[in-house]
Amino acid sequence: MKQRIAHIALVVKDYDEAIRFYTEKLDFQLIEDTKLTEEKRWVLVAPPGAKECCLLLAKAANEQQSASIGNQTGGRVFLFLFTDDFWRDYNKMLDRGINFIRPPKEEEYGVVAVFEDLYGNLWDLLQPNEKNKGLK
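- As named in an unreviewed UniProt entry, the chain is VOC family protein, taken from Niastella caeni.

See the structure below:
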């Protein structure tokens, strides 16, 4: 048997502002943007080089979903963006106005810093070190 996680739904306020953030600030690729109804689109974005999993940008459809925007995990780091060059990406993200809420730190497993997306969801930017290839 083979299974995989294909998409992770991320509740957003607006499709176009979310697409702009992920493609312009984080260099994600817009994989698909298909209109399903007048209110709903199928929008997939992914980091460069991603092969398995994409973010499905899902516009909040009601008050309960709107209340979850920016805090889908109760304030914990929600998503993990792995990189092959931490300092390149960290500096580029700083130049683009990304807010890092925890500065870079050398951990046993690699170099990591925590940033927030346009809605406040927390992300790790992480470059695993050589001895922790299992994290990659």
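### Here's the deal with the pairing of strand β3 (residues 41–46)
- With five of six residues buried, β3 lies mostly within the body of the structure.
- Of the strand pairs in this sheet, strand β2 (residues 29–35) and β3 are connected by six bridges, and their pairing is antiparallel. Opposite Leu30, over in β3, you have Val45 as the bridge partner.
- Between β2 and β3, which pair antiparallel and follow one another directly, the connecting turn spans five residues.

### Looking at the sheet that holds strand β5 (residues 77–82)
- The strand order β5-β8-β7-β6 describes an open sheet built from four strands, whose pairing is mixed. The strands lining the two open edges of the sheet, one partner per strand, are β5 and β6 (99–107). Put simply, the sheet's adjacent strands are angled 20° from each other on average, direction ignored.
- Sheet topology note: the strand β7 (residues 110–116)/strand β8 (residues 122–128) ladder contains seven bridges and is antiparallel. For Val111, the partnering residue across the bridge sits in β8 and is Gln127.

Thresholds applied
- Residues numbered from 1 in each chain as written.
- Predicted model: local features only at pLDDT ≥ 70, side-chain atom pairs only at ≥ 80, totals over all residues.
- Heavy atoms only, no water.
- Buried < 20%, exposed > 50% of the residue type's maximum accessible area, 1.4 Å probe, protein only.
- Helix = DSSP H or I, 4+ residues; strand = E, 2+ residues; numbered from the N terminus.
- Pairing = 2+ DSSP bridges.
- Axes fitted to C-alpha atoms, helices over the stretch in contact; angles between N-to-C directions.

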